[in-house]
Structure formats: C-alpha cells, structure tokens
Amino acid sequence: DIQMTQSPSSLSASVGDRVTITCRASQSIGGYLNWFQQKPGKAPKLLIFAVSSLQSGVPSRFSGGGSGTEFTLSISSLQPEDFATYYCQQSFITPFTFGPGTKVDIK
Amino acid sequence: EVQLMESGGGLVQPGRSLRVSCTASGFTFGDYALSWFRQAPGKGLEWVGFIRSKAYGGTTEYAASVKGRFTFSRDDSKTIAYLQMNSLQTEDTAVYYCTRGEVPAAYAFDIWGQGTMVTVSS
C-alpha cells in the first residue's frame, strides 16, 4: 500500500496568515493527489483534486501543487471558516490511502 | 436537491452483522459509482471501497481490512446503495460515509452523506 504522510501534524495560525501543508507519498503517484477539509462532526469536503484542480465552490485562496511524491496545500489568507483538519489522499492505486491529517487551529 | 443520506447504523455485538444504506436523490444515481469511507472516533479517514455503476459492470473494490466481511450492493431503481457488514469487529466502530464517484473529480466526491455511526461492542 502507498503510505501518505503530512507535515506538520498541527499548526496554529492567525486570520490572514498564509498557511502551507505538505503531503508526501511513499512512491510516485503522478497527479492523483487530493485534499479534503473536515470540521468536527461533519463529513469531509473535497477541496482540490488531481493536485491542483479546485472543486466547484471552493474559494480561490486554496491552491494545490506538487508532483511525484511531494505535494502542498496552501491557503493564501486564512479565514475564520478555514480552521479545520486537512487530509491528503492518493487515488493512484487502491487502497486509496489518506494522510494522518493536519489540524489548523486559531493562534 | 442533490443529496445522499446514510442510515442503519447502531450498536451491534462483535461477530454480528449490520447493513447500512445510502439513499440518493436529485441526480441520476445509476450513472455514478458509490464510495464508502469510515472514521473511527478521534481518528483519521479510511477508504473502505466502492461499487461501480452498472455501465462499468457494477464491480467492487475493498480495503484489505474489510475484504471478505463487507459487501457493497446497489439498487438503482430505489437509488440506494448498501454496505453489508458481517463478522463485525470492535475495530469496525466508526462513522460510515458514502459519496458519489470512484475517485475525486469535478462531479465526484462533491456530495457526501451526513454519516451513520456503527458501534461494535459487547
């Protein structure tokens, strides 16, 4: 199975900050990397698929990049509604594994 | 309104069975694969697997942790997908979610149910 790791595991930031989360895969996954946001007690929400494609309705302050085994999710100017846990996921080959998550909370 | 709704969760003893449903509305259910995910209390997300549409043979893929115990099925006439869980273990305790699609894309993984809690305990 492909192992996914994320760093940092948590971070504290202020409204307006730029935030970057890194995701690494144990082998090359091409462009099959997705990002989800999850708030407590809620279903996950797809933010970005295929490395950098923004899901409909997702604000443009979210962006994704990377290739091969290293990927990033950036939030250009953190908003109050962005405090949540973020997960990367590979959909290159089953089982479609997730990273352990990065919790973003208020500084 | 386009939506998915899970139901059927509850408390079940180890070794017993439970069937969870995912009911769809507002879109052409038969055109989509259905994926299942779960999240144990306080833990991260886990992919459980998917069932493809009839156009793609209705084939299935399962996570190793559930293969041989869990079975996906679908009734396109009722717009319902099912997750049959047999030989349940305490490690299967989780919130179970369904979403449309096989992999994330523009019109996939965009709609999620609210989740249904399955608790396996004696």
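For the structure itself, consult the block above.
Every value quoted in this text rests on a predicted model; they were computed, and no experiment measured them. Every chain's residues receive numbers from 1 upward, in the order its sequence appears when written. Chain labels run from A onward and ligand labels from 1 onward, assigned in the order the entries are written. The predicted origin of the model limits local features to residues at a pLDDT of at least 70 and limits the giving and counting of side-chain atom pairs to 80 or more, whereas totals for whole chains, interfaces and linings rest on all residues. Values reported for side chains reflect all heavy atoms of the structure, with hydrogen atoms and water molecules removed beforehand.

Provide a residue-level description of the nonpolar core, including the pertinent values.
Here, nonpolar core means buried Ala, Val, Leu, Ile, Met, Phe, Trp, Tyr and Cys residues that are tied together by side-chain atoms lying within 4.5 Å of each other. Working definition: with a 1.4 Å probe on protein chains only, accessible area under 20% of the residue-type maximum means buried, over 50% means exposed, and in between means partly exposed. In terms of nonpolar packing, the biggest core is built from 42 residues, with Trp 36, Phe 70, Leu 83 and Met 85 of chain B touching the most fellow members. Looking at this core, the elements that each hand over two or more residues are β5 (45-49) of chain A together with β3 (18-25), β4 (34-39), β5 (45-51), β7 (70-75), β8 (80-85), β9 (94-100) and β10 (116-120) of chain B. Helix and strand assignments follow DSSP, with helices taken as H or I runs no shorter than four residues and strands as E runs no shorter than two, numbered in order from the N terminus. Examining the composition of this core, we find that 5 residues originate from one element, β5 of chain B, more than from any other. Contacts are assigned to residue pairs with any non-hydrogen atoms lying within 4.5 Å of each other. Contact partners of Leu 83 of chain B, with chain neighbours within four places excluded, come to Leu 18, Arg 19, Val 20, Trp 36, Phe 70, Thr 71, Phe 72 and Tyr 96 of chain B. Core analysis: the second largest hydrophobic core is formed by 25 residues, Val 51, Val 58, Phe 71 and Tyr 86 of chain A among them.

Now, about unusual backbone geometry: what can you tell me, with residues and values included?
A cis amide bond, omega -5°, links Ser 7 of chain A with the succeeding residue Pro 8 of chain A. Locating Pro 8 of chain A in the fold gives a position in the loop between β1 (4-7) and β2 (10-13). Residue Pro 95 of chain A follows Thr 94 of chain A across a cis peptide bond; omega there is 0°. Tracing the backbone through its elements, the reader meets Pro 95 of chain A in the loop between β9 (85-90) and β10 (102-106). Notably, Thr 79 of chain B is not glycine yet its phi reads approximately 55°, a positive angle. Counting through the fold element by element, Thr 79 of chain B comes out in the loop between β7 and β8. With a relative accessible area of 23%, Thr 79 of chain B lands in the partly exposed category.

Please set out the sheet that holds strand β6 (residues 60-62) of chain B residue by residue, giving values where relevant.
Residue and element names in this part refer to chain B. A pair of strands counts as paired when DSSP detects no fewer than two bridges linking them. Across the sheet, which stays open at both edges, the 6 strands sit in the order β2-β10-β9-β4-β5-β6 with mixed pairing between neighbours. In the strand order of this sheet, the two ends are held by β2 (10-12) and β6, each with one partner. Each adjacent strand pair in this sheet contributes to an overall mean axis angle of 25°, direction not counted. For β2 and β10, the ladder comprises 3 bridges, and the chain directions are parallel. Paired with Val 12 across the bridge in β10 is Val 120. Each axis is a line fitted through C-alpha atoms, and for a helix only the stretch in contact is used; angles between axes span 0 to 180 degrees, taken between their N-to-C directions.

Before we move on, can you summarise the packing of aromatic side chains with the specific residues and values?
Geometrically, a pair of aromatic rings is defined through the distance of the ring centres and the angle of the planes. Note on aromatic contacts: the rings of Phe and Tyr and the six-membered ring of Trp form a pair at centre separations within 6.5 Å, being stacked when their planes are under 30 degrees apart, edge-to-face when over 60 apart, and tilted otherwise. Counted under the stated rule, the structure contains 18 aromatic pairs over all chains. Here the aromatic rings of Tyr 32 of chain A and Phe 92 of chain A are separated by 5.8 Å at their centres, their planes lie at 50°, and the arrangement is tilted. Taken together, the positions of Tyr 32 of chain A in the loop between β3 (19-25) and β4 (33-38) and Phe 92 of chain A in the loop between β9 and β10 put the pair 60 residues apart, joining distant regions of the chain. The interplanar angle of 85° and the centroid separation of 5.6 Å between the aromatic rings of Phe 37 of chain B and Phe 109 of chain B together place this pair among those described as edge-to-face. One end of the pair, Phe 37 of chain B, is in strand β4; the other, Phe 109 of chain B, is in the loop between β9 and β10, with 72 residues separating them in the sequence. In terms of burial, Phe 37 of chain B and Phe 109 of chain B fall into one category: buried. Ring-pair connections join several aromatic residues into one group, and the members of that group are Phe 36, Tyr 87 and Phe 98 of chain A together with Phe 37, Tyr 97, Phe 109 and Trp 112 of chain B. A cation over a ring is seen here: Arg 74 of chain B above Phe 29 of chain B, with NZ or CZ 4.8 Å from the ring centre. We call a charge positioned over a ring when the NZ of a Lys or the CZ of an Arg lies within 6 Å of the ring centre and within 35 degrees of the ring normal.

Just give me the short version of a nonpolar patch on the surface, but keep the residues and values in it.
In this analysis, a patch consists of residues with relative accessible area above 30% that form no salt bridge, clustered at 9 Å for like charges and at 5 Å for the nonpolar side chains Val, Leu, Ile, Met, Phe, Trp and Tyr. Calculation of accessible area relied on Shrake-Rupley with a 1.4 Å probe; when residues are assessed, cover is drawn exclusively from the protein chains displayed. By convention in these notes, a salt bridge is any Lys or Arg side-chain nitrogen within 4 Å of a carboxyl oxygen on Asp or Glu. Taken together, the side chains of Tyr 32, Phe 92 and Ile 93 of chain A present a nonpolar region at the surface, about 300 Å² in accessible area. Judged by its relative accessible area of 45%, Tyr 32 of chain A is partly exposed.

I'd love a proper account of the side chain of Ser 35 of chain B, names of residues and values included.
Within the element layout of this structure, Ser 35 of chain B appears in strand β4. Each polar contact in these results corresponds to two N or O atoms within 3.5 Å; when the atoms are within protein, one needs to be able to donate a hydrogen and the other to accept it, and residues that are neighboring in sequence are counted only if both atoms are side-chain atoms. One polar contact links the side chain of Ser 35 of chain B to the main-chain carbonyl oxygen of Gly 101 of chain B, over a distance of 2.6 Å.

Describe the pattern of salt bridges, with residues and values.
Opposite charge on two side chains allows them to pair when their charged atoms are near. Scanning all chains against the criterion turns up 9 salt bridges over all chains. For Arg 61 of chain A, the salt bridge goes to Asp 82 of chain A, with nearest N and O atoms at 2.8 Å. With Arg 61 of chain A in the loop between β6 (53-54) and β7 (62-67) and Asp 82 of chain A in the loop between β8 (70-75) and β9, this pair connects stretches of sequence that are 21 residues apart. Between Arg 69 of chain B and Asp 92 of chain B there is a salt bridge, with its nearest N and O atoms 2.7 Å apart. Residue Arg 69 of chain B is located in the loop between β6 and β7, and its partner Asp 92 of chain B is located in the loop between β8 and β9; the two are separated by 23 residues in the primary sequence. Given the relative accessible area of 11%, Arg 69 of chain B is considered buried. Residues joined in a network through salt bridges with shared partners are Arg 38, Glu 46, Arg 69 and Asp 92 of chain B.

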